[in-house]
Amino acid sequence: MRRPLLAAAAAVAVGLGAVGCSAANDSSSGQQVTINWYVQPLNSTSIWQDLVAAFNKSHPNIKVNLTVGPTNVDTVRGTLSTELGSGSATPDVYEGDVTWPAQFAKAGLALDLTKEFPASFWNRFSPGAVKLAQYNGESYSVPSWTEAAFMYYRKDLLEQAGLPVPTTWEELVADAKKIQATGAVKDGYTWQGAGYEGLTCVYSELVADAGGSIVSGDYTKATLNTAAGTKALDFLKGTIASGVSPNATPTFQEPQSLNDFTAGNALFMRNWSYAWAITQDPSQSKVVGKVGMAPLPTFAGQPEPGASTNGGGGMFINPHSKYVKQDVEFLTWLTDTDAQSMFASVGKVLPANVQAQTPQAQQEVGPVGQVLAKLKIVGRPVGTPAYSQVSRAVFQNVNSALSGNASESQALSAADSQVASALGSQ
């Protein structure tokens, strides 16, 4: 996942219908050009509107027309695939998930940006972020903000119980049971178990903790139905069966996990960095001032810390856009330090531009910046254009096992077979 599935901010336009048509005039004639920018809500902030206002004020010959779409990334991917695949010239620029570059590049839905920007432009970002935005060595997305998975915990309850922050999954379960037994919290660990992309992230982390992977490094084989895959699924199912995690976990996405935690019902939570600001908002949280953040645990005997899924967002240019020159100018501005600082101060997420990841930015997003440096980031297998099929095979079958609709062996066998089929079709 790349963001919370929260209610969109005011003035949201759902779908692409509100994008409309680009202006008919080119800025080379001295007249204003309108480029259409399509994004998804980022937290509950006004970041996109604020960025548009700042850009339009400083660039009189280019006007950015903003459309904020729905919150579900899978819905947006489908909508954009249909619109861009039909040859639509709008949106000119669109925000997409970090998992999209290979899929959108192969399908001809994203412009190759390698030659549109000077080589020095890419120095703004970490090498890992640049690589994540590439397909076959060419860049198809411009990183815009950074995200990762963290463990949130009730520091007050751990201190009262005289317990340190757990660094292994086994310790987390033991601590949860101990504090649950006192009645201080109802749930020990809340996480995302619904059948959607978030479960792929959760499962990928645990498979990595167990020393495995979802696919082979060369993307030729599925590697789910293994000892590591089994260990990961055993753990997830065990948290529910033992009562450490809520029985409703197979229906939980980010909002449900966060609501459980901010209501004071859970001791530990796996979630993204955006959640920090919400845990500290008195209007949304009953645990203000009682929360800590740390890297996710790993299995006993494995190197610490545990794996954390990379996330975040990037900007793509529509290959059918009539205003590529203006699109590039806009993205150059959007990823410069001034605009990037707004992602921290307004959006409450870390900017992708490494020069904008200042101590002030880290302070503005809370302890995220300090903990981020300690994380062991793992990528989902996004290097294949068939990633969406791979992810679907993972989350549908793992969720089926969590829900009791399939045995663990049946789920992993089916997932392995479906992932292998997807890789064979790429």
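Here's what I pulled together on the structure shown here. (Residues numbered from 1 in each chain as written. Predicted model: local features only at pLDDT ≥ 70, side-chain atom pairs only at ≥ 80, totals over all residues. Heavy atoms only, no water.)

**What to know about the pairing of strand β10 (residues 307-317)**
Move 1: When you tally the buried positions in β10, you get 11 out of 11 residues, the bulk of the element.
Move 2: Pairing of strand β3 (residues 93-97) with β10 involves 5 bridges; the strand directions are antiparallel. Among the inter-strand pairings, glycine 96 is bridged to a residue of β10, identified as glycine 314.
Move 3: Relative to β10, strand β6 (residues 142-154) runs antiparallel, the two being bridged by 6 bridges. In the sheet register, glutamate 147 faces β10, and the bridge partner there is glycine 311.
Move 4: Where β10 meets strand β12 (residues 376-378), 3 bridges bridge the pair, whose relative direction is parallel. (Buried < 20%, exposed > 50% of the residue type's maximum accessible area, 1.4 Å probe, protein only. Helix = DSSP H or I, 4+ residues; strand = E, 2+ residues; numbered from the N terminus. Pairing = 2+ DSSP bridges.)

**Quick look at the environment of asparagine 271**
Move 1: Mapping asparagine 271 onto the fold places it in strand β8 (residues 266-272).
Move 2: The sequence separation of asparagine 271 and alanine 148 amounts to 123 residues, and the corresponding C-alpha distance is 8.4 Å.
Move 3: Among the polar contacts listed, one links the side chain of asparagine 271 to the side chain of tyrosine 274, at a separation of 3.5 Å. (Polar contact = N/O pair within 3.5 Å; in protein donor to acceptor, adjacent residues only side chain to side chain.)

**Looking at the layout of surface pockets**
Move 1: When its volume is computed, the largest pocket comes out at roughly 850 Å³.
Move 2: What lines the largest pocket is a set of 35 residues, and nearest its centre among them are Gly128, Ala129, Lys131, Leu132 and Asn310.
Move 3: Elements with a minimum of two residues in the lining of the largest pocket: α3 (101-106), α4 (127-132), β4 (134-135), β6, β10 and β12.
Move 4: With 6 residues, the top contributor of residues to the lining of the largest pocket is β6.
Move 5: Its volume calculated, the second largest pocket comes out at about 220 Å³.
Move 6: If you go around the second largest pocket, you meet 14 residues; those closest to its centre are Ser213, Ile214, Gly379, Arg380 and Pro381.
Move 7: Looking at which element gives the most residues to the lining of the second largest pocket, the answer is helix α7 (residues 197-209), with 3 residues.
Move 8: Along the lines of polarity and charge, the residues of the lining of the second largest pocket split into 7 nonpolar, 6 polar and 1 charged. (1 Å grid on protein atoms, 1.4 Å probe; cavity = no way out; pocket = protein on both sides within 12 Å on 5 of 7 lines; lining within 4 Å. Points joined across faces, edges and corners; volume = space filled by probe spheres on them. Nonpolar A, V, L, I, M, F, W, Y, C, P; charged D, E, K, R; others polar.)

**Some remarks on the packing of aromatic side chains**
To describe a pair of aromatic rings, one takes the distance between the centres and the angle between the planes.
Move 1: Tallied over the full model, the rule gives 20 aromatic pairs.
Move 2: Relative to phenylalanine 316, the ring of tryptophan 100 has its centre 6.2 Å away and its plane inclined at 45°; by these criteria the two rings are tilted. Within this pair, whereas tryptophan 100 is found in the loop between β3 and α3, its partner phenylalanine 316 is found in strand β10, the two being separated by 216 residues in sequence. Judged on exposure class, the residue tryptophan 100 and its partner phenylalanine 316 are both buried.
Move 3: Judged by centre distance (5.0 Å) and plane angle (85°), the rings of phenylalanine 121 and tryptophan 122 are edge-to-face. In terms of burial, phenylalanine 121 and tryptophan 122 fall into one category: buried.
Move 4: Three or more aromatic residues joined by ring pairs make a cluster, and in this case those are Trp37, Trp48, Phe55, Phe330, Trp333 and Phe343.
Move 5: The ring of phenylalanine 299 carries the charged tip of lysine 231 above its face, separated from the ring centre by 4.7 Å.
Move 6: Directly above the ring of tryptophan 272 sits arginine 270, whose terminal nitrogen or CZ lies 4.7 Å from the centroid. (Phe/Tyr/Trp six-rings, centres within 6.5 Å; stacked < 30°, edge-to-face > 60°. Lys NZ or Arg CZ within 6 Å of the ring centre and 35° of its normal.)

**Notes on unusual backbone geometry**
Move 1: In the segment running from threonine 90 into proline 91, the intervening peptide bond is cis, with an omega of 0°.
Move 2: On the secondary structure map, proline 91 appears in the loop between α2 (73-85) and β3.
Move 3: Positive phi, close to 55°, is recorded for asparagine 136, a residue that is not glycine.
Move 4: Looking at the element boundaries, asparagine 136 is found in the loop between β4 and β5 (138-139).
Move 5: The residue tyrosine 219 is not glycine, and still its phi comes out positive at about 60°.
Move 6: The topology assignment puts tyrosine 219 in the loop between α7 and α8 (227-241).

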